[in-house]
Amino acid sequence: MSDQHDHDPGAFDAELAAAEVHVEAGNPAIEVTVTVPVAAATLTALSERAQREGRDVEAVIADALHAAA
């Protein structure tokens, strides 16, 4: 892998399968933006996973970030 932030496209599959995500309503007065570098191959794999599972790509990426945290 050429970049320290580049992961094997299937690296998060086991973690994502076991991840349990809980969403709580946030404070509307606070906005947080996080930038995470992701290799094109990893993003492609996460997009493909979202299609396979019939989920929004945003939810799959959020699960991947949560599992990696």
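Our structure is the block above this text.
Residues numbered from 1 in each chain as written. Predicted model: local features only at pLDDT ≥ 70, side-chain atom pairs only at ≥ 80, totals over all residues. Heavy atoms only, no water.

Remarks on the overall build of the protein chain
As a reminder, the rule being used: Secondary structure is summarised from DSSP: a helix means a run of H or I of at least four residues, a strand means a run of E of at least two, and numbering begins at the N terminus for each. Contacts are residue-level and defined by heavy atoms, with any inter-residue pair within 4.5 Å sufficient. In short, Shrake-Rupley with a 1.4 Å probe defines the accessible areas, and a residue's cover is counted only from the protein chains shown.
Secondary structure summary: the protein chain contains three helices and zero strands in total. When its helices and strands are written in sequence order, the protein chain yields α-α-α. Look at the contacts in the protein chain between residues 6 or more apart in sequence, and 58% of them connect residues 24 or more apart. Approximately 5,400 Å² of the protein chain is accessible, and the part contributed by carbon and sulfur atoms is 53%.

Observations concerning the pattern of salt bridges
What counts, and what does not: The salt bridge definition used is simple: a Lys or Arg side-chain nitrogen within 4 Å of an Asp or Glu carboxyl oxygen. Buried residues are those whose accessible area, probed at 1.4 Å on protein chains only, stays under 20% of the maximum for their type, while exposed residues exceed 50% and partly exposed ones sit between those limits.
This model, assessed by the stated rule, comprises three salt bridges. Note that arginine 55 is salt-bridged to aspartate 63, the shortest N-O span being 2.4 Å. Assessed through its relative accessible area of 8%, aspartate 63 is described here as buried. When salt bridges with common partners are traced through the structure, they connect Arg49, Glu53, Arg55 and Asp63 into a single cluster.

Re helix α3 (residues 57–68)
What counts here: In a helix, the anticipated span is given by 1.5 Å times the number of residues less one.
Compared with an ideal rise of 1.5 Å per residue, which puts twelve residues at 16 Å, α3 spans 16 Å between its outermost C-alpha atoms and is within 8% of the ideal. Looking at the buried positions of α3, the neighbouring elements they touch are α1 (13–18) and α2 (40–53).

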